[in-house]
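Each chain is listed here by its residues.
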Amino acid sequence: MDHHVYFWLKEEHKNAEDRAKFEKGLDSLFTIGLVKGGRWAVPAPVMLRPVIDQSWDYALAMQFDNVEKHDAYQIDPDHEVFIESCKHLWDRVQVRDLA
């Protein structure tokens with residue numbers, strides 16, 4: 001299954017130092033053994049069209065072997081560390097999980 005998360009940073013945290021901290025946090029999520037693969041990214045500089053939403057600052061795409069591993073990831077202590085250390089940076093988070 002795939003787990004997609006979109007983050008909107010608070011305006012005051014859209015600076016190089018805070019972005020570097022956030023990106024380090026995103027990188028740390030891929031060291032969690034339950035995660036099969038994935039990556040994080042920023043909006044691509046594509047031609048803008050009415051169907052394109054580039055309002056977000058970071059997207060995280062992760063793959064898991066199954067729903068059980070995804071669910072275990074949600075309560076993994078290292079996932080909790082990411083949330084606690086980075087949640088003050090974001091204004092909004094949106095999750096989309098795909099079977």
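Residues numbered from 1 in each chain as written. Predicted model: local features only at pLDDT ≥ 70, side-chain atom pairs only at ≥ 80, totals over all residues. Heavy atoms only, no water.

Asker: Any chance you could explain the packing of aromatic side chains here in plain terms?
Answerer: The way to describe two aromatic rings as a pair is by their centre distance and the angle between their planes. One pass over the structure, following the stated rule, counts 10 aromatic pairs. The interplanar angle of 80° and the centroid separation of 6.2 Å between the aromatic rings of phenylalanine 22 and tryptophan 90 together place this pair among those described as edge-to-face. One end of the pair, phenylalanine 22, is in helix α1 (residues 16-29); the other, tryptophan 90, is in strand β4 (residues 90-98), and 68 residues separate them in sequence. Of the two residues, phenylalanine 22 and tryptophan 90, neither departs from the other in class, the shared state being buried. Taken together, the aromatic side chains of Phe7, Phe22, Trp40, Tyr58, Phe82 and Trp90 make up a single cluster linked through ring pairs. Above the plane of the ring of tryptophan 8 lies arginine 92, whose end atom (NZ or CZ) is 3.9 Å from the centre. (Phe/Tyr/Trp six-rings, centres within 6.5 Å; stacked < 30°, edge-to-face > 60°. Helix = DSSP H or I, 4+ residues; strand = E, 2+ residues; numbered from the N terminus. Buried < 20%, exposed > 50% of the residue type's maximum accessible area, 1.4 Å probe, protein only. Lys NZ or Arg CZ within 6 Å of the ring centre and 35° of its normal.)

Asker: For this particular structure, what's the right way to read the sheet that holds β4?
Answerer: In sheet architecture, strand pairing relies on hydrogen bonds along the backbone and comes in two forms, parallel and antiparallel. Ordered by their spatial adjacency, 4 strands build an open sheet running β2-β3-β1-β4, and the pairing between neighbours is antiparallel. Both edges of this open sheet fall to β2 (37-41) and β4, since each of them pairs with a single strand only. Each strand axis lies, on average, 10° off the axis of its neighbour in the sheet, ignoring direction. Where β2 lies against strand β3 (residues 58-63), 5 bridges are found, and the strand directions are antiparallel. Across the sheet, the residue bridging to glycine 37 is glutamine 63, located in β3. (Pairing = 2+ DSSP bridges. Axes fitted to C-alpha atoms, helices over the stretch in contact; angles between N-to-C directions.)

Asker: For this particular structure, what's the right way to read α1?
Answerer: Since there are 3.6 residues in each turn of an α-helix, residues three or four apart along the chain are aligned in direction. For α1, built from 14 residues, the straight-helix expectation of 20 Å at 1.5 Å per residue is met to within 8% by its first-to-last C-alpha distance of 20 Å. Within the span of α1, buried status applies to Asp18, Phe22, Gly25, Leu26 and Leu29. What you see down the axis of α1 is that its buried residues fit within an arc of 100°, all on one side. When the buried face of α1 is taken as reference, the exposed residues oriented beyond 90 degrees from it are Ala16, Glu17 and Lys24. In this structure, the buried residues of α1 make contact with β1 (2-9), β2, β3, α2 (67-74), α3 (77-86) and β4. Between the side-chain oxygen at the start of α1 and the backbone nitrogen of glutamate 17 there is a gap of 3.2 Å, and the oxygen is on asparagine 15. (Expected span 1.5 Å × (residues − 1). Arc of directions from axis to C-beta. Contact = heavy atoms within 4.5 Å. Polar contact = N/O pair within 3.5 Å; in protein donor to acceptor, adjacent residues only side chain to side chain.)

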